[in-house]
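# An overview of the molecular structure
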Amino acid sequence: MKQTSYSDLTKATGKLAVIGAALLLTACAGEETRVDIADEADFAIAIHGGAGTITRASLTSEQEAEYKAKLAEAVNAGHAILAEGGTSLDAVIEAVQIMEASPLFNSGVGAVYTFDGEHELDASIMDGATLEAGAVAGVKTVKSPIALARTVMDESVHVMLSGAGAEAFAAEQGLELVDNSYFNTERRYQQLLDAKAKLGEADKQAWLELDDRYKYGTVGAVARDKHGNLAAATSTGGMTAKRYGRIGDSPIIGAGTWADNDSCAVSATGHGEYFIRYHVAADICSRMKYKQVDVVTAGDTVIHDVLLPAGGTGGVIIVDHQGHVHMPFNTEGMYRASRRGDGEAEVAIYKD
């Protein structure tokens, strides 16, 4: 087992100190933590399906089982690619596309509705080995927004495309296009009607008065492959009843998505305006890279000590350059799963 280089304590005292530090960090971080600083992994993947007001009272046992099954399917599919020596980019795409195709999440099928009754989808991806990235915003007819984001990264000289231009590029590249109604679900439509009834004739900032269930639901994945390369991907339908072409943090590199082989890969979910203002994803990795703190310290500091006091709620999934995974959030729950090396998948929903 390699000795970690995260802190002066572990550098000075070796293996016993590493194990002790891991136990201390885990105890301090609470039940939401999934990390073992003492145990590196050759490859690892973590996914999320959104954070927010998610409690046992809000889900039936059948719904809980359905969410856990889909999270397990997605994380295991990405893990299988990594286990066979595949790339972290392919792994995160695979995991995210499974969630994009599921009506359980606010991404792809099951995306929330805009105020005008349509779906506008955002996505981004980043390669930690090269710092190349691709993003799309406000697309309405692309079946897999995350696939388009990767195509932007691989085949375009640009980083971010939006709206009709992004869709024209998708058509030129041969990606599958669908009618906007492909993303429809009755549950999300009822949420729109409910939200508009609550908003009434309020102004453009009225969505601030809506509770958390209208604001969250993004999906994402982060991974480290056997070659040591990191990748992060995020995809979302945005916010229920959003107006005026609103774009959140999910397609913004540094806010909702970030990956750098020298530090970590992050995918975020939550109140996007705050994640943009506090460049959450990049900030976590910068703290690891420049302050030489561990993944737990970096993640918890940003989510609990920086974001929450400012009014920002949500969470992130993180995998670092040594295969450690941490998934902090400051809401009541976050749909999440992870799998490291030869270990089994770990799936969770609630804070406790």
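Treat the numbers as computed from the prediction; the structure is a model and nothing was measured.

Glancing now at the overall build of the protein. Looking only at helices and strands, the protein has 10 helices and 12 strands in total. Burial statistics for the protein: of 352 residues in total, 58% are counted as buried. Of all intrachain contacts in the protein linking residues separated by at least 6 positions in sequence, the fraction that spans at least 24 positions is 68%. Surface exposure of the protein reaches about 13,900 Å², of which carbon and sulfur atoms provide 50%.

With that out of the way, let us pick up the packing of aromatic side chains. Considering all chains together, one arrives at 5 aromatic pairs under this definition. Relative to Phe105, the ring of Tyr67 has its centre 5.7 Å away and its plane inclined at 75 degrees; by these criteria the two rings are edge-to-face. Placement of the pair is Tyr67 in helix H3 (residues 61-83) and Phe105 in the loop between helix H4 (88-100) and strand E2 (121-127), with a sequence separation of 38 residues. Using a relative accessible area of 8% as the deciding quantity, one classes Tyr67 as buried. Among the residues examined, Phe105 registers a relative accessible area of 1% and is labelled buried. With a centroid separation of 6.4 Å and an interplanar angle of 80 degrees, the aromatic rings of Phe105 and Tyr335 are classed as edge-to-face. With Phe105 in the loop between H4 and E2 and Tyr335 in strand E11 (residues 333-340), this pair connects stretches of sequence that are 230 residues apart. Tyr335 carries the same exposure label as Phe105, and that label is buried. For Lys196, the ring lying beneath its charged end belongs to Phe115, and the centroid distance is 4.5 Å. Here the basic side chain of Arg243 rests over the ring of Phe115, its NZ or CZ set 4.0 Å away from the ring centre.

All right, on to the nonpolar core then. Formed by 49 residues in total, the largest nonpolar core has its most connected members in Ile45, Ile47, Ile125, Ile146 and Leu148. No other element matches the 8 residues that H4 contributes to this core. Ignoring any residue separated from it by four or fewer positions in sequence, one finds Ile47 in contact with Leu71, Ala74, Val75, Ala95, Met99, Gly220, Ala221, Ile317, Met327, Tyr335, Arg336 and Ala337. Core analysis: the next-biggest nonpolar cluster, separate from the first, contains 18 residues, Phe275, Val280, Ala281 and Ile284 among them.

The subject of this paragraph is the sheet that holds strand E4 (residues 160-162). Strand order in the open sheet formed by 8 strands is E4-E3-E2-E6-E5-E1-E11-E12, with mixed pairing between adjacent strands. Each edge of the open sheet carries a strand with a single partner, namely E4 and strand E12 (346-350). Across this sheet, the average inter-strand angle for adjacent strands is 10 degrees, counted without regard to direction. Bridge analysis of E11 against E12 gives 4 bridges, and the strand direction is antiparallel. Bridging from a neighbouring strand, Ser338 pairs with Glu346 of E12. Its contacts with the sheet put H4 on strand E1 (44-52), E2, strand E5 (219-224) and strand E6 (230-236), and the angle it makes with E5 is roughly 160 degrees.

Before going further, it helps to examine helix H10 (residues 295-310). Its 16 residues place the ends of H10 22 Å apart at the C-alpha level, agreeing with the 22 Å of an ideal helix rising 1.5 Å per residue. Turning to H10, its buried residues number three or more, namely Val295, Val296, Ala298, Gly299, Asp300, Val302, Ile303 and Leu307. Of the residues one or two after H10, Gly311 is the one with positive phi, at around 105 degrees.

Per the stated rule, a full pass over the model turns up 10 salt bridges. Asp154 is paired through a salt bridge with Arg150; the nearest N and O atoms lie 3.2 Å apart. A residue pair is termed a helical-turn pair when its members lie 3 or 4 positions apart in one helix, as Asp154 and Arg150 do in helix H5 (residues 145-155) at 4 residues. We classify Asp154 as partly exposed; its relative accessible area is 40%. Arg287 serves as the salt-bridge partner of Asp283, at 3.2 Å between the closest nitrogen and oxygen. With Asp283 and Arg287 both in helix H9 (residues 280-291), this residue pair falls 4 residues apart, about one helical turn. Assessed through its relative accessible area of 12%, Asp283 is described here as buried. One connected set of salt bridges, linked through shared partners, spans Asp90, Arg150 and Asp154.

Parameters at a glance
- Residues numbered from 1 in each chain as written.
- Predicted model: local features only at pLDDT ≥ 70, side-chain atom pairs only at ≥ 80, totals over all residues.
- Heavy atoms only, no water.
- Helix = DSSP H or I, 4+ residues; strand = E, 2+ residues; numbered from the N terminus.
- Buried < 20%, exposed > 50% of the residue type's maximum accessible area, 1.4 Å probe, protein only.
- Contact = heavy atoms within 4.5 Å.
- Areas by Shrake-Rupley, 256 points an atom, 1.4 Å probe, with all protein chains shown as cover.
- Phe/Tyr/Trp six-rings, centres within 6.5 Å; stacked < 30°, edge-to-face > 60°.
- Lys NZ or Arg CZ within 6 Å of the ring centre and 35° of its normal.
- Core = buried A, V, L, I, M, F, W, Y, C linked by side-chain atoms within 4.5 Å.
- Pairing = 2+ DSSP bridges.
- Axes fitted to C-alpha atoms, helices over the stretch in contact; angles between N-to-C directions.
- Expected span 1.5 Å × (residues − 1).
- Salt bridge = Lys/Arg side-chain N within 4 Å of Asp/Glu carboxyl O.

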